[in-house]
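# Structure assessment
Okay, here's what each chain looks like letter by letter:
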Amino acid sequence: MRHHFAIQATKLLALASAIALAACDDQANGGGAGSRDQIKVVGSSTVYPFTTLVAEQFVNQNPGMKAPVIESTGTGAGMKLFCAGVGAAHPDIANASRRMKLAEFTACGENGVDRIMEIQIGLDGIAFAEGKDGPKLQLTPVDLYLALAANPKGKPNTAKTWKDVNPALPAIPIQVYGPPSTSGTRDAMAELIMARGCVTIYPDSINLKDKKPDDFANVCTRVRDDGPYVDAGENDNLIVQKLQSNPNAIGIFGYSYLEENQASLVGVPVSGVAPTYETITSGTYPGARPLFIYVKKAHLTAIPGLPKFLEAYAAAWDANGPLVKRGLIAAPQAVRDASAAVIKDGTTLEGRALQ
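### Considering the side chain of Arg336
Locating Arg336 in the fold gives a position in helix H15 (residues 333-345). You can call Arg336 buried: its relative accessible area is 11%. Here Ala331 takes part through its backbone oxygen, which lies 2.6 Å from a polar atom of the side chain of Arg336. Looking at Arg336, its side chain comes within polar contact range of the side chain of Gln333, at 2.5 Å. Setting aside residues up to four positions removed in sequence, Arg336 forms contacts with Trp317, Asp318, Ala319, Ala330 and Ala331.

### Re the pairing of strand S1 (residues 40-43)
Strand residues, when the strand is regular, have side chains that alternate between the two faces of the sheet. The pairing of S1 with strand S2 (residues 69-70) spans 2 bridges and is classified as parallel. In the sheet register, Val41 faces S2, and the bridge partner there is Ile70. Looking at chain direction, S1 and strand S3 (residues 93-96) are connected through 3 bridges and run parallel. Across the sheet, the residue bridging to Val41 is Ile93, located in S3.

### Considering the pairing of strand S4 (residues 116-131)
Counting buried positions over the 16 residues of S4 gives 16, a clear majority of the element. Relative to strand S9 (residues 288-296), S4 runs antiparallel, the two sharing 9 bridges. When the bridges of S9 are listed, Asp124 appears paired with Arg289. Across 4 bridges, the pairing between S4 and strand S7 (residues 250-254) is antiparallel.

How each quantity is defined
Residues numbered from 1 in each chain as written. Predicted model: local features only at pLDDT ≥ 70, side-chain atom pairs only at ≥ 80, totals over all residues. Heavy atoms only, no water. Helix = DSSP H or I, 4+ residues; strand = E, 2+ residues; numbered from the N terminus. Buried < 20%, exposed > 50% of the residue type's maximum accessible area, 1.4 Å probe, protein only. Polar contact = N/O pair within 3.5 Å; in protein donor to acceptor, adjacent residues only side chain to side chain. Contact = heavy atoms within 4.5 Å. Pairing = 2+ DSSP bridges.

Quick look at the structure:
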């Protein structure tokens, strides 16, 4: 008798699982409304204020729609949440201050997130900033690499002052407030600035990038954790506050935060080029980068309002649009047109386009 009940219980459990999976699959493929009636977004703290603005306009233009839930988790953590699965329990959109990595795309696919729309919303710059009363530093990628890398030239970093990394710089302590390892801003800083400085003074390191990526990261892009670099979390406003109270410190964040705080902060030129709207647009600033949102196509017909939300985004990113007034740097017209076409046509990302 006990064996009979065990078999029946097993059958019931299997049936319940099948029903749950079918419901999830139905929603993921647009067959049902799902159990969530508001859009959910996770990811980059840099993209957060832009997506928040679009959400405000979306609600104003669509009376009766619930406000999207937007979490600032950092790009890396956001990608993990986004790639964990399809259905109402998982986010619809991931904000990203760098492009999705191939490993993340693969993880998405392994969890059934196999139709992803990549939409570039505009441009940004990784801004290095100091207070108005700061030392007026002028830095290069080499300076920043030697100051912030854990193992410059393969040896543990012992530099304590800026003069230690470059005799032309002042003898003030290296104190840099920046984003955590989960941040796309930190990933972009490592790729655009630190790797460039590393390769400049250690040309052989370029051979490691493809053949031994872990060795390349150890020598070129891993950030030191012995004090001079301070992980300020995913709160860029906290970095701004630190710079206001510490005139010798440097902060790292997206350009929009520098623009919003020009009354108290100034940009630190990199290779003689200050972070400005014009230098980032032209690509002359070394820290220029694209910003993205990633969308699950499977959720477009499952989550109410998601297509209209994307249309609202496309309507806001023009050169004279509200996102630029918030601090976004408009992408070239061809990029904006391509992104609008992805939204209109539902074009999905192919893994071979990623690294």
